[in-house]
Amino acid sequence: MSPRIFIILLSSLATGTIITLTSHHWLMAWIGLELNTLAMIPIISTTHNPRATEAATKYFLAQASASAMILFSSMINAWQTGTWDITNLSSEPSHILLTMALAMKLGLVPMHFWLPEVLQGSTMTTALIIVTWQKLAPMALIYLTINNLSTMILILLGLMSSIIGGWGGLNQTQTRKIMAFSSIAHLGWMITVSSIMINIMIMNLIIYLIMTTALFYSLILSKSKTIQDTTTAWTLSPTLTTMMMILLLSLGGLPPLTGFMPKWLILEELVIQNLIPAATTLAVSALLSLFFYLRLAYTTTLTLSPNTIQTKFKWRFKLKPAMFFMAAFSTISILLLPLTPLMLM
């Protein structure tokens with residue numbers, strides 16, 4: 001794909017998200033989501049192989065179905081209330097349909113089946129866009145309609161997502177599929193707290209985006225597509241492998257690191273609201289996710305020589321130029337925990 005076409009597609013992607021973020025009319029929000037989907041499909045199918053085409057087809061079917069459900073939901077609401085305003089979603093069938101549609105857009109359980117498959121068929125950079133940028137528009141719609149959505153359905157979706165996200169990633173060997181299940185689990189935490197305290201959800205989303213971007217940068221630089229590839233990442237840069245280990249532990253939510261902050265605040269809020277079973281379920285599901293993060297951290301940093309490795313070593317060629325963002329995001333992903341009181345103000 002030529003750089004000019006790629007820039008046009010990325011601009012369309014950004015425009016679609018911004019239209020959805022800034023709209024108060026359901027039709028404009030739907031147009032933004034459709035523009036977003038249509039720009040993403042050529043980006044997924046840039047590599048001309050059957051797996052990329054299959055991934056693009058699955059992505060199109062899932063996103064088009066979700067967009068149709070959003071349009072149907074808004075039409076029912078307009079028919080019953082006479083308004084197309086996003087914040088005025090008072091019809092019960094409408095908000096149930098909308099919740100299911102946004103769950104499909106985000107890849108929440110039980111509408112999560114497309115996400116690991118699409119990520120596996122995409123390049124690392126495309127997978128990064130899908131699990132970060134593509135979450136912004138649906139999250140904006142949840143933020144706008146949160147007062148009208150069912151708290152019980154959201155908590156149920158969140159708990160199921162955190163459990164299946166941790167469970168599904170246990171047996172994976174491909175890093176992109178592991179990151180897909182990681183995304184499902186993190187979104188489960190966000191959706192659980194969204195109806196209770198929306199500010200914590202937004203903070204969790206920002207931290208998730210930063211941590212996931214930093215880890216994907218590390219995987220792209222070390223060309224680690226499978227767990228076996230991570231075992232030889234130390235030949236490329238020992239500093240990079242150490243940073244990857246700390247990032248993985250941060251994503252798992254271990255205490256001295258940034259990733260612990262959202263989990264701590266969400267569990268605290270659930271306990272304050274007397275939702276003890278939900279808090280316990282989330283805490284146990286975090287252990288499942290932590291297992292596959294620890295497995296990746298183990299293969300990355302603790303399988304050094306003199307172990308005999310069956311894969312080829314990586315040669316140190318010229319350094320990649322885009323190191324600034326990775327350095328900034330990695331630092332934020334590790335050292336932000338002391339600033340928790342500042343963020344709560």
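Identification of the protein chain as NADH-ubiquinone oxidoreductase chain 2 from Anolis valencienni is taken from an unreviewed UniProt entry. Recorded in UniProt under Catalytic activity (unreviewed entry), the annotation for the protein chain is "a ubiquinone + NADH + 5 H(+)(in) = a ubiquinol + NAD(+) + 4 H(+)(out)".

**Brief notes about the overall build of the protein chain**
When helices and strands are counted, the protein chain shows 16 helices and zero strands. Taken over C-alpha atoms, the radius of gyration comes to 20 Å for the protein chain, in line with the 20 Å a tight globule of 345 residues would show. Viewed in the frame of its principal axes, the protein chain has a C-alpha envelope of about 70 × 50 × 35 Å. Expressed as a percentage of the 345 residues in the protein chain, the buried residues total 53%. Contacts in the protein chain between residues at least 24 apart in sequence constitute 77% of all its contacts with a sequence separation of at least 6. Put simply, the protein chain shows about 15,600 Å² of open surface, and 71% of that area lies on carbon and sulfur atoms. Taking the average location of the 16 positive side-chain charges in the protein chain and that of its 8 negative ones, the two points are 22 Å from each other.

**Focus on empty space enclosed by the protein**
Scanning the entire structure with this criterion turns up four cavities of 30 Å³ or more. Quantified by volume, the largest cavity comes out at close to 100 Å³. What lines the largest cavity is simply Leu33, Asn36, Thr37, Tyr59, Gln63, Lys105, Trp114, Ile130, Gln134, Lys135 and Pro138. Put simply, the parts of the chain that give the lining of the largest cavity at least two residues each are α2 (26-44) and α3 (50-81). When residues in the lining of the largest cavity are grouped by element, the largest group, three residues, is from α2.

**Here we look at the packing of aromatic side chains**
In this structure the tally under the stated criterion is four aromatic pairs. For the pair tyrosine 59 and tryptophan 114, a centre-to-centre distance of 5.7 Å together with 70° between the ring planes defines the contact as edge-to-face. Separated by 55 residues along the polypeptide, tyrosine 59 in helix α3 and tryptophan 114 in helix α5 (residues 114-121) bring together distant segments of the chain. Look at tyrosine 59 and you get buried, because its relative accessible area is 1%. An angle of 55° between the planes, with centres 5.0 Å apart, marks the rings of phenylalanine 292 and tyrosine 293 as tilted. The residue whose ring lies beneath lysine 263 is tryptophan 189, and the NZ or CZ to ring-centre distance is 5.1 Å.

Conventions adopted
- Residues numbered from 1 in each chain as written.
- Predicted model: local features only at pLDDT ≥ 70, side-chain atom pairs only at ≥ 80, totals over all residues.
- Heavy atoms only, no water.
- UniProt positions renumbered as here; feature names shortened; annotations may be inferred.
- Helix = DSSP H or I, 4+ residues; strand = E, 2+ residues; numbered from the N terminus.
- Rg over C-alpha atoms; globule rule 2.2 N^0.38 Å.
- Buried < 20%, exposed > 50% of the residue type's maximum accessible area, 1.4 Å probe, protein only.
- Contact = heavy atoms within 4.5 Å.
- Areas by Shrake-Rupley, 256 points an atom, 1.4 Å probe, with all protein chains shown as cover.
- Lys, Arg positive; Asp, Glu negative; His and termini not counted.
- Charge placed at Lys NZ, Arg CZ, Asp CG, Glu CD.
- 1 Å grid on protein atoms, 1.4 Å probe; cavity = no way out; pocket = protein on both sides within 12 Å on 5 of 7 lines; lining within 4 Å.
- Points joined across faces, edges and corners; volume = space filled by probe spheres on them.
- Phe/Tyr/Trp six-rings, centres within 6.5 Å; stacked < 30°, edge-to-face > 60°.
- Lys NZ or Arg CZ within 6 Å of the ring centre and 35° of its normal.

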